[in-house]
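What follows is each chain in one-letter form.
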Amino acid sequence: MTPAPEAPGAPDASLIETGRAALARHEWRAAFEALSQADAKERLDPEALELMAQAAWWTGQLPVAIEARERAFAAATKVGDIEGAAIAGLNLARDNLMRMATDVSRAWLKRVERMLEGVDESPGHGWLAAVTALRAALIGDNEESLAQATRAYEIGKKLGLRDLEAMAL
């Protein structure tokens, strides 16, 4: 018996899984190709867009990574996924720092900061502090960088997020 065909225009889950598996093996080009093919069939969800952004980043395609994360941010915001939107926004802030677009990075940081206002302390708050510390260091504001890195470290320690602790250090 042959399996029923996928609904027209639906993203190809096998391509997404192929991309995810390739990322896990650090096969960046294969991941990017699979995820790009899935995206060409239909818009990916925020999680798959983040996978595509990671693959694009690792293959030296920063503009593609930024575009995918902007789409992930918009999609997460549209469905009210504050955590997903915050992660996408923080990645956009970091990516824009990598291309020395410090004002664009600052705008993304402010946007995420507003999103997290009134929300219980979460990993997003820690990563916001970490990326803010990085931005401050790059523009020469060592006092702000140290204060934000310290805050990120404390949140990481409190929440048991070793990767955040390491980044803060």
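The preceding data block contains the structure.
1. Quick word on the side chain of Ser-145
Next, step 1: Structurally, Ser-145 can be placed in helix H8 (residues 142-159).
Next, step 2: Residue Ser-145 is classed as buried on the basis of its relative accessible area, which comes to 13%.
Next, step 3: Engagement of the side chain of Ser-145 in a polar contact is seen with the backbone oxygen of Ala-133, the distance being 3.0 Å.
Next, step 4: In contact with Ser-145, other than residues within four places in its own chain, are Ala-133, Ala-136 and Ala-137.

2. Quick word on the environment of Glu-27
Next, step 1: Among the structural elements, Glu-27 can be located in the loop between helix H1 (13-24) and helix H2 (28-41).
Next, step 2: Note: C-alpha distance between Glu-27 and Thr-59 (32 residues apart in sequence) is 9.6 Å.

3. Description of the layout of surface pockets
Next, step 1: A volume near 360 Å³ is recorded for the largest pocket.
Next, step 2: In terms of lining residues, the largest pocket is bounded by 15 residues, among which Ile-87, Leu-90, Pro-123, Gly-124 and Trp-127 are the most central.
Next, step 3: Those elements giving two or more residues to the lining of the largest pocket turn out to be helix H5 (82-98) and helix H7 (123-138).
Next, step 4: With seven residues, the single largest contributor to the lining of the largest pocket is H5.
Next, step 5: Of the residues contributing to the lining of the largest pocket, the split by class is 10 nonpolar, three polar and two charged.
Next, step 6: The calculated volume of the second largest pocket comes to roughly 150 Å³.
Next, step 7: Around the second largest pocket, the lining residues are Glu-50, Gln-54, Trp-57, Trp-58, Arg-69, Asn-91, Arg-94 and Met-98.
Next, step 8: Where the lining of the second largest pocket is concerned, the elements lending two or more residues are helix H3 (46-58) and H5.
Next, step 9: The element contributing the most residues to the lining of the second largest pocket is H3, with four residues.
Next, step 10: For the lining of the second largest pocket, the per-class residue count stands at three nonpolar, two polar and three charged.

Each value, and the rule that gives it
- All chains use their own residue numbering, which begins from 1 and follows the written sequence.
- In view of the model being predicted, local features appear only for residues whose pLDDT reaches at least 70, and side-chain atom pairs are presented and counted only at 80 or more, with totals across whole chains, interfaces and linings using the full set of residues.
- Side-chain measures here rest on the full set of heavy atoms in the structure, leaving out hydrogens and waters.
- Per the convention used, a helix needs a DSSP run of H or I reaching at least four residues, while a strand needs a run of E reaching at least two, with both numbered from the N terminus.
- Classification of residues uses two cut-offs on accessible area relative to the type maximum, computed with a 1.4 Å probe and protein chains only: under 20% is buried, over 50% is exposed, and between them is partly exposed.
- Pairing of N or O atoms within 3.5 Å defines a polar contact, subject to two protein rules: one partner must be a possible hydrogen donor and the other a possible acceptor, and residues neighboring in sequence count only if both atoms are side-chain atoms.
- Only heavy atoms matter for contacts: two residues are in contact if any of them lie within 4.5 Å across the pair.
- Within this scheme a cavity is a closed region of a 1 Å grid, computed over the protein atoms alone, that accommodates a 1.4 Å probe without allowing it to escape, whereas a pocket is open but has protein on both sides within 12 Å along at least five of seven lines; lining residues each have an atom within 4 Å of a point.
- Grid points are joined across faces, edges and corners, and a volume is the space filled by probe spheres set on the points.
- Each residue gets one of three labels, nonpolar for Ala, Val, Leu, Ile, Met, Phe, Trp, Tyr, Cys and Pro, charged for Asp, Glu, Lys and Arg, and polar for the others, Gly among them.

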